[in-house]
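An overview of the molecular structure
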Amino acid sequence: MQTFDSREILVSVIVPIYNVELYLVECIESILEQTYTNYEIILVNDGSTDSSGSICDKYEKQNNNIKVIHKKNGGAPEARNVAIEQAKGKYMYFIDSDDWIEEDYLEKMYDLAEKNNADAVITGFYMEYYQNGKDVTYCTNCDDNVYSKEEFRKNAYKYLNNSLLSLPWNKLYKSERIHAENIRFPKTKWDDHHFNMEFFMNNGVVVTSSMKKYHWYRSRKGSETMINYSDPNMFKKRKEHYEHIIKLYEHWDVNDEKSIDSISCYYVGRLFQCIQELVDNKNIKYAEKRRKVYEILNDKGAIYALKNSNGLSKKFKILSIPMKIKSVSLSMFFGRIVSFIRKLFPSLFIKLKEKEVHETK
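Residues numbered from 1 in each chain as written. Predicted model: local features only at pLDDT ≥ 70, side-chain atom pairs only at ≥ 80, totals over all residues. Heavy atoms only, no water.

In this fold, serine 97 is placed in the loop between strand E4 (91-94) and strand E5 (100-101). The buried category is assigned to serine 97, whose relative accessible area is 5%. Of the polar contacts made by the side chain of serine 97, one reaches the backbone oxygen of proline 16; its length is 3.1 Å. In this structure serine 97 touches Val15, Pro16, Ile17, Tyr18, Val20, Tyr23, Leu24 and Cys27, once residues within four positions along its chain are discounted. (Helix = DSSP H or I, 4+ residues; strand = E, 2+ residues; numbered from the N terminus. Buried < 20%, exposed > 50% of the residue type's maximum accessible area, 1.4 Å probe, protein only. Polar contact = N/O pair within 3.5 Å; in protein donor to acceptor, adjacent residues only side chain to side chain. Contact = heavy atoms within 4.5 Å.)

In this section: the packing of aromatic side chains. Overall, the coordinates contain 23 aromatic pairs when judged by the stated rule. A centroid spacing of 3.9 Å and a plane angle of 5° characterise the contact between phenylalanine 185 and phenylalanine 195, whose relative ring orientation is stacked. In this pair, phenylalanine 185 sits in the loop between helix H6 (175-180) and helix H7 (191-199) while phenylalanine 195 sits in helix H7, placing the two residues 10 residues apart along the sequence. Through a chain of ring-to-ring contacts, the aromatic side chains of Phe94, Tyr147, Phe152, Tyr159, Tyr173, Phe185, Phe195, Phe199, Phe200, Tyr249 and Trp252 assemble into a single cluster. Between the NZ or CZ atom of arginine 80 and the centre of the ring of phenylalanine 185, over which it lies, the distance is 4.9 Å. (Phe/Tyr/Trp six-rings, centres within 6.5 Å; stacked < 30°, edge-to-face > 60°. Lys NZ or Arg CZ within 6 Å of the ring centre and 35° of its normal.)

Looking now at the nonpolar core. Counting 108 residues, the largest nonpolar core has Tyr93 and Phe152 as the members making the most contacts within it. With near-sequence residues (within four places) excluded, tyrosine 93 lies in contact with Val11, Ser12, Val13, Ile14, Ile101, Tyr105, Leu106, Met109, Trp169, Lys171, Leu172 and Tyr214. (Core = buried A, V, L, I, M, F, W, Y, C linked by side-chain atoms within 4.5 Å.)

For the pair helix H8 (residues 234-252) and helix H9 (residues 257-280), the least separation of the axes is 9 Å and the interaxial angle reads 175°. The orientation of H8 with respect to H9, classified from their angle, is roughly antiparallel. Here Met234, Phe235, Arg238, Lys239, His241, Tyr242, Ile245, Ile246 and Tyr249 of H8 come into contact with H9, specifically with Ser259, Ile263, Tyr266, Tyr267, Arg270, Leu271, Gln273, Cys274 and Glu277. Its residues placed into classes, the contact of H8 with H9 shows 11 nonpolar, 3 polar and 4 charged. (Axes fitted to C-alpha atoms, helices over the stretch in contact; angles between N-to-C directions. Parallel < 35°, antiparallel > 145°, perpendicular 65-115°, else oblique. Nonpolar A, V, L, I, M, F, W, Y, C, P; charged D, E, K, R; others polar.)

Every α-helical turn comprises 3.6 residues, leaving residues that sit three or four positions apart pointing alike. With 19 residues, H8 extends 27 Å from end C-alpha to end C-alpha; this agrees with the ideal 27 Å at 1.5 Å per step. Every buried residue of H8 is listed here: Met234, Phe235, Arg238, His241, Tyr242, His244, Ile245, Leu248, Tyr249 and Trp252. Those residues of H8 hidden inside the fold are in contact with helix H5 (149-155), H7, H9, helix H10 (286-297) and helix H11 (300-308). Looking one or two residues beyond H8, the residue adopting positive phi is aspartate 253, at roughly 60°. (Expected span 1.5 Å × (residues − 1).)

As a further point, take a nonpolar patch on the surface. There is a patch of nonpolar side chains on the surface, built from Ile318, Ile321, Ile325, Leu330, Phe333 and Ile337 and spanning about 540 Å² of accessible area. Sort the elements by how many residues they give to the nonpolar patch and helix H14 (residues 328-344) lands first, with 3 residues. (Patch = residues over 30% accessible without salt bridge, like charges linked within 9 Å, V, L, I, M, F, W, Y side chains within 5 Å. Areas by Shrake-Rupley, 256 points an atom, 1.4 Å probe, with all protein chains shown as cover. Salt bridge = Lys/Arg side-chain N within 4 Å of Asp/Glu carboxyl O.)

Moving on, we get to the environment of leucine 24. Positionally, leucine 24 belongs in helix H1 (residues 24-32). In this structure leucine 24 comes out as buried when scored by relative accessible area, which is 0%. Spatially, the C-alpha atom of leucine 24 lies 7.9 Å from that of isoleucine 55, the residues being 31 residues apart in sequence. Not counting chain neighbours up to four residues away, the residues in contact with leucine 24 comprise Ile17, Ser52, Ile55, Cys56 and Ser97.

Another aspect to go through is the pattern of salt bridges. The tally for this structure, following the rule as stated, stands at 18 salt bridges. In this structure, the salt-bridge partner of lysine 149 is glutamate 150, at a minimum N-O distance of 4.0 Å. Between glutamate 181 and arginine 177 there is a salt bridge whose closest N-O contact spans 2.5 Å. Residue classification places glutamate 181 among the partly exposed positions, given a relative accessible area of 32%. When salt bridges with common partners are traced through the structure, they connect Glu102, Asp104, Lys108 and Lys213 into a single cluster.

Quick look at the pairing of strand E10 (residues 206-217) now. Side-chain direction in a regular strand flips from residue to residue, so the side chains alternate between the two faces of the sheet. Most of E10 is tucked away: 10 of the 12 residues are buried. With 2 bridges connecting them, E5 and E10 associate as antiparallel partners. Within E10, the position partnered with isoleucine 101 by the bridge is tyrosine 214. When strand E8 (residues 145-147) meets E10, the two strands line up antiparallel, connected through 3 bridges. Looking across to E10, one finds that valine 146 is bridged to valine 207. (Pairing = 2+ DSSP bridges.)

The next thing to look at is helix H4 (residues 105-116). If you check H4, its first and last C-alpha atoms are 17 Å apart, about what 12 residues at 1.5 Å a residue would give, namely 16 Å. Residues of H4 that are buried: Tyr105, Leu106, Met109, Tyr110 and Ala113. Buried residues in H4, looked at end-on, bunch into an arc of 115°, giving them a common side. Phi for asparagine 117, located one or two positions after H4, is positive at around 50°. (Arc of directions from axis to C-beta.)

Attention now goes to unusual backbone geometry. One non-glycine residue, asparagine 182, lies in the positive phi region at around 50°. Note that asparagine 182 resides in the loop between H6 and H7. Although it is not a glycine, lysine 326 adopts a positive phi angle of roughly 60°. Mapped onto the elements of the fold, lysine 326 is located in the loop between helix H13 (321-324) and H14.

On to the packing of H9 against H10. Contact geometry of H9 with H10 gives a least axis separation of 10 Å together with a crossing angle of 175°. Of the possible angle classes, the one that applies to H9 and H10 is roughly antiparallel. Along the contact surface, H9 presents Leu271, Cys274, Ile275, Leu278 and Val279, while H10 presents Lys289, Lys292, Val293, Ile296 and Leu297. Of the residues in the contact of H9 with H10, the class split is 8 nonpolar, no polar and 2 charged.

Read these as spatial facts, not as claims about activity.
Set out below in structure tokens:
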């Protein structure tokens, strides 16, 4: 059992939890084994129907730096927000309850934040898959830099397409900013993206680090396929993402060629995903699919992004050709090919997808 002095809380570790009984112990143990110990752990049981809640209660009884909140199911954004309201640490760290962190992660991030008086520390991470009977790890790499406010805004484009900017659990955040500006996770798909866009809206010093100590499970033994979102309204949500990025850059007054290219490539890649998911959706009639694809191809933001996405990979340059000429049929055909590869050769699909921006360990 850890001893704990509430006056020493410097990091609040926030864990939203829903039906993860098979993975929760590994997650909590990885936090308790941290070399840095001046932290509180806030476990938010978001209406779990399995034994996750009782696991949380057990750890709370054994560790006086753990606080458990039980609430009705409302989703991860709401769970995180409830914890934010009660967090006492100088910094906040968010971890997903089915992932784990290496033992010195908090200590190293905290030291970087303190040394540089940083608003945030951003790191790389590992993506874990179970493919063809073995574990495969992809690395998302980050560089080592200490950015002033202006320098970060000019260089943020480097961290957009590889998800380094949008995710919550590869960052340590200064709590003062979150509380003072009332920054919260919105109740929407990919809420973490919107949270980060708001947090960096008025950024101070930002530290980026090449260390990779977070392990993100994308698939586990018994489940080798990637998540199929099959959301007919995905385009609307992706458009909201894109518009939030544009809002951020307008606020920063940054519109250089590299930034525009990165934002455009980001959007084009996600637009193709929308088309591919639409083609693969069995609950939508063919005519409705064509209408939705037409809407995507004729969106002003999409047209602008397709025109300015000069940094696309060779693969996406080919996939974007029918999108640029606004061919609904050809765009759907390309989407169908990708869906075919995804279904019949999931390991190949994952490899091609992740090697766009990640590396094999």
